[in-house]
Amino acid sequence: MTTELRKSLVGSGIFSAQSLRSTLVSDYFFMIGTLYSDVEGNKFLKASNIFETYIELFEKSPDKDTIMKCVLVSLLYGKENITDAIFNTILHRGSVNIRVFAIKFLRTLVRTGYQNFEKFILPMLVSQLYAYSHSDSDEIVNEALSVLSEACQDQECLEHLFDMFPALLHLGDKGYELVLRFLSIPRGYNKLLSLGFVDSEIEKWKRYKCLDYARKVESTLLEALTGFKRGEATFRATEIKFPKYCFAPIHLYGELAQFDTGIDRLQEENIFNDLNTMLSSDDILEVKAAAWAIGHIAASSFGFAKIAQFEFVSKIFKISENHNNLSVRVHVCMH
């Protein structure tokens, strides 16, 4: 493509938002995407410098957000530097809405089992956790953390994120939960142990975070199922939106229970004896907190063996059948 032709395309109204919505111009981008997936077509596109034209469109078009969306969904990524550079340009030069859209597109790639997670998706997501100073940065960071959290349910993805070891603790609850996930792999446990994080967190969870966890889950379930949110003194339903989904947060004991060293550490800290005491407590919150902790520990094969050793299953069954508080009976049934 000649320089003159490129300038005329960029400066014309062909790629205006109105034209892209009301004509077949948007199919132009999908045609290029189809050519790019073919060996001969790829050679042709490189010879025509079409991807350089994309970058110029991003910089000079007044409707660049609409163009970025069309380009974003039409290409393959993780294969060549040029298309990765285009995606990176969208993530860093687009509006907040486009950046969030791009991160959600990465979620789609994760869910489809995209093969180049560690080379393409992971670096793109981690880059969105930093370098934002404007007022809308929280939306971008939270979306990136949400995708990372979902991706790291896969052990291999978690290992790749640990290799990068990004700073996460300053990013709120979602960042903290990703750090807790590192404790489910031996390398992560050893690294965080050397930093003093493991000792500090176990002490906090023994003292108050187990109870905080039960409060948080109860509030989350209340909001998800009723639309009401617990306030300081009462419940309110003003402008509450029902969440699209509701997942149990990450639990320290559940992550440590994923391998033998973690289980041994829980045993050394008398966690199982503490949970046994909490299950027999008259304090409703303590019973719920113990039930959640036991449920997370039992989710792994290492953890379930230890839970069986302490006969927690039979005790929880008795609570579900005989406890005089209906809320407690419902909670233990969830596990």
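Thresholds applied
- Residues numbered from 1 in each chain as written.
- Predicted model: local features only at pLDDT ≥ 70, side-chain atom pairs only at ≥ 80, totals over all residues.
- Heavy atoms only, no water.
- Buried < 20%, exposed > 50% of the residue type's maximum accessible area, 1.4 Å probe, protein only.
- Helix = DSSP H or I, 4+ residues; strand = E, 2+ residues; numbered from the N terminus.
- Arc of directions from axis to C-beta.
- Contact = heavy atoms within 4.5 Å.
- Axes fitted to C-alpha atoms, helices over the stretch in contact; angles between N-to-C directions.
- Parallel < 35°, antiparallel > 145°, perpendicular 65-115°, else oblique.
- Left-handed = near helix turned anticlockwise from the far one by under 90°.
- Nonpolar A, V, L, I, M, F, W, Y, C, P; charged D, E, K, R; others polar.
- Phe/Tyr/Trp six-rings, centres within 6.5 Å; stacked < 30°, edge-to-face > 60°.

1. Looking at helix H3 (residues 26–36)
Of the residues making up H3, those classed as buried are Ser26, Phe29, Ile32, Gly33 and Tyr36. Viewed end-on, H3 has its buried residues packed into an arc of 120 degrees, placing them on one side of the element. Summarising the contacts, the buried residues of H3 are in contact with helix H2 (17–22), helix H4 (39–47), helix H5 (50–60), helix H6 (64–72) and helix H7 (81–93).

2. Regarding unusual backbone geometry
A positive phi angle, near 55 degrees, is found at Asn49, a position not held by glycine. On the basis of relative accessibility, which here comes to 28%, the residue Asn49 falls in the partly exposed class. One non-glycine residue with positive phi stands out, namely Phe165, at about 45 degrees. Examined against the element boundaries, Phe165 turns out to sit in the loop between helix H11 (155–164) and helix H12 (172–182).

3. Some thoughts on the packing of helix H17 (residues 271–279) against helix H20 (residues 312–322)
Look at H17 against H20: their axes get within 11 Å of each other, and the N-to-C directions meet at 15 degrees. Compared by their axis directions, H17 and H20 come out roughly parallel. Here H17 and H20 pass one another in a crossing that is left-handed. Along the contact surface, H17 presents Phe272, Leu275, Asn276 and Leu279, while H20 presents Phe312, Lys315, Ile316 and Ile319. Looking at the contact of H17 with H20, its residues break down into 6 nonpolar, 1 polar and 1 charged.

4. Details of the packing of aromatic side chains
As enumerated under the stated definition, the model contains 16 aromatic pairs in all. Centre to centre, the rings of Phe29 and Tyr54 are 5.8 Å apart; their planes meet at 35 degrees, and the pair counts as tilted. Taken together, the residues span a long stretch of sequence, with Phe29 in helix H3 and Tyr54 in helix H5 at a distance of 25 residues. For Phe29, a relative accessible area of 0% gives the class buried. Here Phe87 and Phe120 contribute two aromatic rings whose centre-to-centre distance is 5.3 Å and whose plane-to-plane angle is 80 degrees, an arrangement assigned as edge-to-face. Taken together, the residues Phe87 in helix H7 and Phe120 in helix H9 (residues 117–127) connect sequence positions 33 residues apart. By relative accessible area, which is 0% here, Phe87 ends up buried. A network of ring pairs unites the aromatic residues Tyr28, Phe29, Tyr36, Phe51 and Tyr54 as a single cluster.

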